[in-house]
Amino acid sequence: MPVKSFPDISTPLKDQKPISIFWFRRDLRIEDNTALTKALDSNIPVLPIFIFDSHILNELPKDDARVAFIHRSILKIKDSLKAHGSDILCLYGDPKSVWLELISKFKVAKVYTNKDYEPYAIARDKEIAELLGKKDITFNSFKDQVIFEEDEILKSNQEPYTVFTPYKNKWLTKFQEANPIEPKNPKLNNLYKANYTTMSLEDIGFTKSEIEVKDFNLSRLHLYGDKRDFPYADITSYLSTHLRFGTIGIRQIISRIDKSNAVFLSELIWREFFMQILFHYPKVVTENFRSKYDNIKWRNNKQEFLLWCQGKTGYPMVDAGMRQLNTTGFMHNRVRMITAGFLCKHLLIDWRWGESYFAEKLLDYELSSNNGNWQWAAGTGCDAAPYFRIFNPLSQQQKFDKDYKYVRKWIPEFDTFEYPDPIVEHKFARERALAAYKSGIEA
Ligand code: FAD
């Protein structure tokens, strides 16, 4: 367990000049960071902080690779700030208590941060803004993790879009109008001069993980349109974890890619589409987007769920995907679609079970994208595949990994008798799923 929530701060600050605080969260970079740039544009020295939120950390395994990645990213930020005589102050605990302590130790004039659209974050920020407001400290939050947020892309009747294609078209039109969306450069000479000891991973109760986050790679995107669906080709960008934690900004990415690469841009727009769905319909966290599916009778067989988690269903594409996930914290998108569809349709297991398994394992776990895609796969979501469209995992195999290269990479015993027979026969499972969905809708 962590020993100290608050490091020693050498100078008591009651007599000091006012400072601004910039609060890093899911924007772990200095360049192209909207709120940091805004904070530094004012003439008050800026102290950057990060809070290891005990509410979030308490839920995670102690060797969680994402926490190690956050910690490593903070150390990188620290190095960059040091070059300017400044530092990042790392704190641990319940954010409200941490803020109370911060404002008792510093003369804080303003707080700057980038917006986070998840329900927990919205509630936390509201509470902190109120707490600061009572001390006349302004809480300034900015759009940063998306090109368009909240109500910026709405239908002409001012309602949110729930279908992707018209959302994307509006997004693209607005994007062309808003161009150029330039990355922002911070004025680092306005940082608060400081020097802190940064808590180690062990200080916050964690250890290093075996799993590492891969660097992103934009160099193969000219192949994206043709090859993105073939898992063995491995040409996708690996941006997802970096976008999740903000180790690169969305504007930086867009300024670097070929804008005529419509297929790739479209994927980035899916990310924003699901973010605005979560923002407008927070009920999706626990409920079907479409309530007409509420009466589906899931089988929820625990033994079958376990075999799915372990990659032992006897369906090679499903098993390879689950093993890639368990080993690396990543799974190729096409295979995510196949494994998710298989769990919901072939095994008739509630999409929420699969969603939470992915949430535990994915390095790039993002509530909005994970939830949106799971509900898409289950057929319960907005703009979802119709429930009667059921992937055949064997024909998906023939189409996207016909030489079994991906499968053999992740299933070493694939060509031996050790590899299990299919957990359920495809045709039978398909009929069973169709019947369960149909009677669920009619119930
Ligand atoms: P690329 O193919 O290079 O795509 C570039 C970026 O576009 C991605 O990094 C991501 O930000 C965005 N993107 C691509 N596809 C989607 C999509 N279908 N929905 C939303 N955004 C997309 N993505 C997550 O970031 N976090 C999740 O928790 C997550 N859970 C998923 C669960 C299921 C069941 C499925 C089917 C998909 C999920 N995805 C999730 C979407 C997608 O699989 C990953 O974003 C992608 O595989 C990440 O690899 P990449 O960065 O190389 O992607």
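Residues numbered from 1 in each chain as written. Predicted model: local features only at pLDDT ≥ 70, side-chain atom pairs only at ≥ 80, totals over all residues. Heavy atoms only, no water.

Turning our eyes to something else, we now look at the sheet that holds strand β3 (residues 89-93). Taken in spatial order, the five strands line up as β3-β2-β1-β4-β5 in an open sheet, and their pairing is parallel. Both edges of this open sheet fall to β3 and β5 (138-142), since each of them pairs with a single strand only. Averaged over all adjacent pairs, the angle separating strand axes in this sheet is 30 degrees, with direction ignored. Two strands pair when backbone bridges link them, and strand β2 (residues 46-53) and β3 are joined in this way by five bridges, in the parallel orientation. Across the sheet, the residue bridging to Asp 53 is Gly 93, located in β3. (Pairing = 2+ DSSP bridges. Helix = DSSP H or I, 4+ residues; strand = E, 2+ residues; numbered from the N terminus. Axes fitted to C-alpha atoms, helices over the stretch in contact; angles between N-to-C directions.)

The next subject is the packing of helix α10 (residues 262-280) against helix α15 (residues 367-378). Packing of α10 against α15 brings their axes to within 8 Å, and their N-to-C directions diverge by 90 degrees. Taken as axis vectors, α10 and α15 run roughly perpendicular relative to one another. Across the interface between the two elements, Arg 271, Phe 274, Met 275 and Leu 278 of α10 pack against Leu 367, Ser 368, Ser 369, Gly 372 and Asn 373 of α15. Here the contact of α10 with α15 is composed, by residue class, of four nonpolar, four polar and one charged. (Parallel < 35°, antiparallel > 145°, perpendicular 65-115°, else oblique. Contact = heavy atoms within 4.5 Å. Nonpolar A, V, L, I, M, F, W, Y, C, P; charged D, E, K, R; others polar.)

Before going further, it helps to spend a moment on unusual backbone geometry. A negative phi holds for most residues other than glycine; trans holds for most peptide bonds. The phi torsion at Asp 32 lies on the positive side, around 50 degrees, for a residue other than glycine. As for its position among the elements, Asp 32 is in the loop between β1 (19-24) and α1 (34-41). Here Asp 32 falls in the buried class, since its relative accessible area comes to 1%. (Buried < 20%, exposed > 50% of the residue type's maximum accessible area, 1.4 Å probe, protein only.)

By the burial criterion, the buried members of helix α16 (residues 393-400) are Pro 393, Gln 396, Gln 397 and Phe 400. Considered in projection along α16, the buried side chains sweep an arc of 105 degrees and stay on one side of the axis. Looking at the buried residues of α16, the elements they touch are α12 (316-328), α13 (333-346), α17 (405-410) and α18 (426-442). In this structure Asn 392 caps α16, since a side-chain oxygen of it lies 2.8 Å from the backbone nitrogen of Leu 394. (Arc of directions from axis to C-beta. Polar contact = N/O pair within 3.5 Å; in protein donor to acceptor, adjacent residues only side chain to side chain.)

Here we take up empty space enclosed by the protein. Any empty space left between the atoms is revealed when a probe the size of a water molecule rolls over them. For the coordinates displayed, the defined rule picks out five cavities of 30 Å³ or more. As a volume, the largest cavity reaches approximately 70 Å³. Forming the boundary of the largest cavity are Phe 274, Ile 277, Leu 278, Val 284, Phe 289, Ser 368, Asn 371, Gly 372, Gln 375, Gly 381 and Cys 382. By residue number, the principal contributor to the lining of the largest cavity is α15, which donates four residues. Grouping the amino acids of the lining of the largest cavity by side-chain chemistry returns six nonpolar, five polar and no charged. (1 Å grid on protein atoms, 1.4 Å probe; cavity = no way out; pocket = protein on both sides within 12 Å on 5 of 7 lines; lining within 4 Å. Points joined across faces, edges and corners; volume = space filled by probe spheres on them.)

A few words now on the site of the ligand. Around the ligand, the structure places 28 residues, and the nearest of them are Tyr 224, Thr 236, Ser 237, Tyr 238 and Asn 333. A distance of 2.6 Å separates an oxygen atom of the ligand from a polar side-chain atom of Ser 237. For the shell around the ligand, the element with the most residues is α10, which contributes six residues. Taken together, the residues of the shell around the ligand break down into 16 nonpolar, seven polar and five charged. (Near = heavy atom within 4 Å.)

What follows covers the state of the cysteines. Linking two cysteines covalently through their sulfur atoms gives a disulfide. Under the counting rule described, the total for this entry stands at zero disulfides. No disulfide involves Cys 344; its nearest neighbouring cysteine sulfur is the one of Cys 309, lying 13 Å away. Residue Cys 382 stays outside any disulfide, its sulfur separated by 15 Å from that of Cys 344, the closest cysteine. (Disulfide = S-S within 2.5 Å.)

With five bridges connecting them, strand β4 (residues 108-114) and β5 associate as parallel partners. Looking at the pairing, Val 111 lines up with Phe 139 of β5.

With that settled, consider the packing of aromatic side chains. A full pass over the atoms with the stated rule returns 35 aromatic pairs. Note on Trp 171 and Phe 175: the rings are 5.2 Å apart at their centroids and 25 degrees apart in plane angle, and the pair reads as stacked. Here Phe 175 and Trp 171 lie together in helix α6 (residues 164-178), a separation of four residues that amounts to about one turn. Note on Tyr 293 and Tyr 387: the rings are 6.5 Å apart at their centroids and 70 degrees apart in plane angle, and the pair reads as edge-to-face. Taken together, the residues Tyr 293 in the loop between α10 and α11 (302-310) and Tyr 387 in the loop between α15 and α16 connect sequence positions 94 residues apart. A residue is classified by how much of its surface remains accessible, and Tyr 293, at 5% relative accessible area, is buried. (Phe/Tyr/Trp six-rings, centres within 6.5 Å; stacked < 30°, edge-to-face > 60°.)

With that out of the way, let us pick up the pattern of salt bridges. Scanning all chains against the criterion turns up 28 salt bridges. When the shortest N-O distance is used, the salt bridge between Lys 115 and Glu 150 registers 3.4 Å. In this pair, Lys 115 is assigned in the loop between β4 and α5 (119-133) and Glu 150 in the loop between β5 and α6, connecting sequence segments 35 residues apart. By relative accessible area, which is 23% here, Glu 150 ends up partly exposed. We note a salt bridge from Arg 124 to Asp 125, for which the minimum N-O separation is 3.1 Å. Taken together, the salt bridges that share partners define one network made up of Arg 29, Asp 32, Asp 144 and Arg 251. (Salt bridge = Lys/Arg side-chain N within 4 Å of Asp/Glu carboxyl O.)

The buried count for β4 comes to five of seven residues, which makes it a mostly enclosed element. Pairing analysis gives five bridges linking β1 to β4, with the strands arranged parallel. Each residue of the ladder has a partner; that of Ile 21, found in β4, is Val 111. Note that the unit made of β4, α5 and β5 has a crossover that is right-handed. (Right-handed = clockwise from strand over helix to strand, strands pointing away.)

What follows deals with α13. With 14 residues, α13 extends 19 Å from end C-alpha to end C-alpha; this agrees with the ideal 20 Å at 1.5 Å per step. Within α13, 13 of the 14 residues are buried, which leaves it mostly tucked inside the rest of the structure. Positioned one or two residues after α13, Leu 348 has a phi angle of 50 degrees, which is positive. (Expected span 1.5 Å × (residues − 1).)

Another aspect to go through is the side chain of Thr 34. Checked against the element boundaries, Thr 34 lands in helix α1. The class of Thr 34 is buried, set by a relative accessible area of 4%. A polar side-chain atom of Thr 34 sits 3.4 Å from the main-chain carbonyl oxygen of Lys 143. Here Asp 144 takes part through its side chain, which lies 2.7 Å from a polar atom of the side chain of Thr 34. Setting aside its immediate chain neighbours within four residues, Thr 34 contacts Asn 114, Phe 142, Lys 143, Asp 144, Lys 184 and Arg 251.

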